[in-house]
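Survey of secondary and tertiary structure
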Amino acid sequence: MIKRLRGTYDVLPQDAIKWQYVEDVFSVILERYGYREIRTPVIEETSLFTRSIGETTDIVTKEMYTFLDQKGRSITLRPEGTASVVRAFLEGSISPDALTKLYYWGDMFRYDRPQKGRYREFCQVGVEAIGSAIPALDAEVISLAMCLLETLGLKDLKLNLNSVGCVDCRRVYYEKLKDYFNSSTVVTMGKLCPTCQKRLEKNPMRIFDCKEENCQRTIEKAPTIAESLCSNCTLAFENLKKYLSLLDIPFVLNTRLVRGLDYYTRTAFEITYEKMGSPQQNALAAGGRYDNLIQELGGPPTPAIGFAMGMERILLAMEIAKVNIPTGKKVEIYFVSLGEVAFQEAFKIIDRLRRKGFYVYATTSGRSLKSQLREADRLCVGYTLILGGDELSRRVVMLRDMENSTQREIPLKDLEDELAKL
Ligand code: AMP
């Protein structure tokens, strides 16, 4: 038997209800904050991701699903959503003057080591607010992320906040990092792993992503970006903190938070749910500013900020928090028909009822009353309609309330009106 691929999963019907619930709640809130949906392809030119996410990142060096198409072009399954949204924003000539607020849902692909809350194909919902650099927007975006999660009933969320500065701050910081990692203190702690040695040359901040024990130890004492921030970045960060306080959103400063993608500038944040376990898997949402990305991808200088949330982790967190998922009340009916003639009549009525908005289950003809009722029980429907030859000759149908096992006859001509009253 063929099995699903490692790192992928199926959403079975009983779980699909949970997904739909989160999607419904989120769509309403996202629209309320002024975001409009955008859908982009799952496949893109590989260079879109290498250029935006960064050549030295784990995603680009180890985790992308890349292949050559029939004409030898390098194609990649998207590992994240921002690069594609920015490409679509530029390609669709969406006005860069006004603030553009976009949101997306979609499957992302990363060849990561699968574990609980970490998959190779996973679903992210994300937002991008393009066209403004004001820190109040950062606070609004963070507030939206908190609102989405809190509306689901998740509490005790932790907002981790940092500023990773701009190109100027980073130039200063890289020098400090290089000095530190080349210093005798670090050398005596043991060598960095071969990947980090390369990172030290090209992009020392990426060393923070390393999971090797030895590298982790050296990172602990490394200088933080905070002391290297330029005056503009410092001011922007102070303003962001002020606006978050105005919205009563508590945060924890985390100067080690650098995020695994190169395009971030200034604000970087992560929302964690610590009951979910290890720091590697407890981030529900992550995002930040990317003020240079749009220009790097060929557009005009345009500041922007966004975040992405992992749907699987949100659902896991809801399970841990024992969130009750309301099941919208809908009248579900099982239509039992007895004999070919009644089946043909039922066949017509069922189609009409479905078109009128009723949820109707039925099976093909030729099954006994007992077996059809057993199936109605299994499907947990609220009501059954029973149509046999006798009922049909009198132009009535039997309506059975499955919960209290009562039944009454309804004239066929009144069926829709009577069902509408249930
Ligand atoms: P990132 O795109 O890496 O900034 O991640 C944003 C969010 O997506 C994380 O906070 C997680 O909730 C989720 N996420 C990232 N990678 C995975 C993965 N491999 N499996 C499941 N969820 C993920």
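Residues numbered from 1 in each chain as written. Predicted model: local features only at pLDDT ≥ 70, side-chain atom pairs only at ≥ 80, totals over all residues. Heavy atoms only, no water.

- Per an unreviewed UniProt entry, the protein carries the name Histidine--tRNA ligase and comes from Candidatus Desantisbacteria bacterium CG1_02_38_46.
- In its Subcellular location (unreviewed entry) section, UniProt records this for the protein: "Cytoplasm".
- The annotation that UniProt attaches to the protein under Sequence similarities (unreviewed entry) is "Belongs to the class-II aminoacyl-tRNA synthetase family." (UniProt positions renumbered as here; feature names shortened; annotations may be inferred.)

1. Some words on the overall build of the protein
- For the protein, the count of helices and strands is 16 helices and 16 strands.
- The globule rule puts the C-alpha radius of gyration for 422 residues at 22 Å, and the 28 Å found for the protein is more than 25% above it.
- Expressed as lengths along the three principal axes of its C-alpha atoms, the size of the protein is roughly 95 × 50 × 45 Å.
- Counting the 422 residues in the protein, one finds 52% classified as buried. (Helix = DSSP H or I, 4+ residues; strand = E, 2+ residues; numbered from the N terminus. Rg over C-alpha atoms; globule rule 2.2 N^0.38 Å. Buried < 20%, exposed > 50% of the residue type's maximum accessible area, 1.4 Å probe, protein only.)

2. Brief notes about the pairing of strand S3 (residues 65-68)
- Summarising the sheet, S3 and strand S4 (residues 74-77) pair through four bridges and their orientation is antiparallel. Looking at S4, one finds that Thr66 is bridged to Thr76.
- A loop of five residues connects S3 with S4, the two strands running antiparallel in sequence, and Gly72 in this loop sits at a positive phi of about 80°. (Pairing = 2+ DSSP bridges.)

3. Concerning the environment of Asp179
- Here Asp179 is to be found in helix H6 (residues 167-182).
- Separated by 43 residues in the primary sequence, Asp179 and Ala222 place their C-alpha atoms 9.9 Å from one another.

4. Notes on the UniProt feature "binding site: L-histidine" (unreviewed entry) in the protein
- Per the UniProt entry, the sites bearing "binding site: L-histidine" (unreviewed entry) are Glu80, Gly81, Thr82, Arg110, Gln124, Glu128, Arg259, Tyr263 and Tyr264 in this numbering.
- The residues contacting Glu80, other than those within four sequence positions of it, are Phe49, Ile53, Met108, Arg110, Gln124, Leu261 and Tyr263.
- There is a polar contact of 3.4 Å between the side chain of Glu80 and the backbone nitrogen of Thr82.
- For Gly81, the position within the fold is in the loop between S4 and helix H4 (82-91). (Contact = heavy atoms within 4.5 Å. Polar contact = N/O pair within 3.5 Å; in protein donor to acceptor, adjacent residues only side chain to side chain.)

5. As for the domain arrangement of the protein
- Along its sequence, the protein is carved into domain 1 (13-166 + 230-320) and domain 2 (332-420).
- Using C-alpha coordinates to define each centre, domain 1 is positioned 48 Å away from domain 2. (Domains from an automatic or database assignment.)

6. Here we look at the packing of helix H1 (residues 13-32) against helix H12 (residues 311-320)
- Contact geometry of H1 with H12 gives a least axis separation of 11 Å together with a crossing angle of 105°. Accordingly, the angle class assigned to the pair H1 and H12 is roughly perpendicular. Only Met311, Glu312, Ile314, Leu315 and Met318 of H12 make contact with H1, whose side of the interface consists of Lys18, Trp19, Tyr21, Val22, Glu23 and Phe26.
- When its residues are assigned to classes, the contact of H1 with H12 shows eight nonpolar, no polar and three charged. (Axes fitted to C-alpha atoms, helices over the stretch in contact; angles between N-to-C directions. Parallel < 35°, antiparallel > 145°, perpendicular 65-115°, else oblique. Nonpolar A, V, L, I, M, F, W, Y, C, P; charged D, E, K, R; others polar.)

7. Observations regarding the sheet that holds S3
- A sheet is described by the order of its strands in space; here three strands give the open sequence S2-S4-S3, paired in antiparallel fashion. This sheet does not close on itself; its edge strands, each paired only once, are strand S2 (43-45) and S3. Across this sheet, the average inter-strand angle for adjacent strands is 35°, counted without regard to direction.
- As judged from the three bridges shared by S2 and S4, these two strands associate in the antiparallel manner. Across the sheet, the residue bridging to Ile43 is Leu77, located in S4.
- On the sheet, helix H2 (residues 46-53) packs against S2, S3 and S4 and is oriented at approximately 75° with respect to S2.

8. Concerning the packing of aromatic side chains
- Considering all chains together, one arrives at nine aromatic pairs under this definition.
- Measuring from centroid to centroid gives 5.7 Å for Tyr263 and Tyr290, while their planes differ by 65°, and the two rings are edge-to-face. Taken together, the residues span a long stretch of sequence, with Tyr263 in the loop between strand S8 (252-253) and strand S9 (265-272) and Tyr290 in the loop between strand S10 (283-289) and helix H11 (293-296) at a distance of 27 residues. The pair Tyr263 / Tyr290 is uniform in exposure class, with both members buried. (Phe/Tyr/Trp six-rings, centres within 6.5 Å; stacked < 30°, edge-to-face > 60°.)

9. Notes on the environment of Glu403
- Residue position: Glu403 is located in the loop between strand S15 (396-401) and strand S16 (406-411).
- Take Glu403: its relative accessible area is 76%, and that puts it in the exposed class.
- The spatial distance from the C-alpha of Glu403 to the C-alpha of Leu392 is 25 Å, given a sequence separation of eleven residues.

10. Details of the sheet that holds S15
- Taken together, five strands build an open sheet; the order of strands is S13-S12-S14-S15-S16 and the sheet is mixed. Two strands in the sheet have a free side with no partner beyond their single neighbour: strand S13 (359-362) and S16. In this sheet, adjacent strand axes meet at a mean angle of 25° when their direction is disregarded.
- In this structure, strand S14 (residues 383-387) lies alongside S15, joined through four bridges in antiparallel fashion. Note on S15: the bridge partner recorded for Tyr383 is Asp401.
- Helix H14 (residues 369-378) rests against strand S12 (332-337) and S14 of the sheet, and its axis sits at about 170° to S12.

11. Examining the site of the ligand
- Around the ligand lies a shell of 15 residues, among which Arg110, Tyr119, Gln124, Arg259 and Ala283 are the nearest.
- Within the side chain of Arg110, an N or O atom sits 2.8 Å from an oxygen atom of the ligand.
- Leu284 places a main-chain nitrogen or oxygen 3.2 Å from an oxygen atom of the ligand.
- Sorting the residues of the shell around the ligand by element identifies strand S6 (121-130), S10 and strand S11 (304-310) as the ones contributing at least two each.
- Here the shell around the ligand takes four residues from S10, the largest share from any one element.
- Class assignment for the residues of the shell around the ligand results in eight nonpolar, three polar and four charged. (Near = heavy atom within 4 Å.)

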